[in-house]
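Examining the three-dimensional arrangement
What follows is each chain in one-letter form.
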Amino acid sequence: LTRPPPESQQRGRCLEVKPAPLAAARDAIPVHVATDGLPLSKESDEVALLKTTRGWKTVRGLKAYTRDATYPDLYCYFDAADTASPINHFAMRAFTAYPNDIGGLPKRGIRGDVVCIRLEPPSGTCGGEGPG
């Protein structure tokens, strides 16, 4: 058995998910807290940071909803220019419901690491439990 990562790497609003085989069990997908300094207040600043810290060429982002969400509360960044890394099957399954938001998915799929952010709904947005 492998030891769990330290507490500081288990929690956060920004996670890095590395590619794993399509048949990988949920607990076999490599996930850890990203240390890029995300989230920031503006998407353009997040894109610039990812280009600088990760060397990504064409940063794209896709939204998703958690099971009971009424607002897209997950966002996934990836490098659409990456054609050499393995396909990120997690991202291909979890974040491809709205590909037209970015003009379509890369022809060879989402590849390499992805950075996922848990978003806070705008103030005044109602969730499943009433006004926030």
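From a predicted model like this one, the values you see are computed outputs, not experimental measurements.

1. What about the sheet that holds strand E3 (residues 59–64)?
The sheet built from five strands is open, its strands ordered E2-E1-E5-E4-E3 with antiparallel pairing. The sheet is open, and its two borders are formed by strand E2 (31–33) and E3, each paired with just one other strand. For this sheet the average axis-to-axis angle between neighbouring strands, irrespective of direction, equals 25°. Here helix H1 (residues 43–54) sits on the sheet in contact with strand E1 (14–17), E3, strand E4 (74–79) and strand E5 (114–118), set at roughly 40° to E4.

2. Side note on unusual backbone geometry
Where the residue is not glycine, phi is negative for most of them; where a peptide bond is considered, it is trans in most cases. A cis amide bond links Leu38 with the next residue in sequence, Pro39, at an omega value of 5°. Tracing the sequence through the fold places Pro39 in the loop between E2 and H1.

3. What to know about the state of the cysteines
One way to say it: the disulfide is the covalent bond shared by the sulfur atoms of two cysteines. Under the definition given, this model contains zero disulfides. Take Cys76: it sits in no disulfide, and the sulfur closest to it among the cysteines is that of Cys116, at 4.2 Å. With a relative accessible area of 0%, Cys76 lands in the buried category. On the basis of relative accessible area, Cys116 is assigned to the buried category, the value being 9%.

Calculation notes
- Residues numbered from 1 in each chain as written.
- Predicted model: local features only at pLDDT ≥ 70, side-chain atom pairs only at ≥ 80, totals over all residues.
- Heavy atoms only, no water.
- Pairing = 2+ DSSP bridges.
- Helix = DSSP H or I, 4+ residues; strand = E, 2+ residues; numbered from the N terminus.
- Axes fitted to C-alpha atoms, helices over the stretch in contact; angles between N-to-C directions.
- Contact = heavy atoms within 4.5 Å.
- Disulfide = S-S within 2.5 Å.
- Buried < 20%, exposed > 50% of the residue type's maximum accessible area, 1.4 Å probe, protein only.

It is worth stressing that arrangement in space is one thing and function is another; only the former is reported here.
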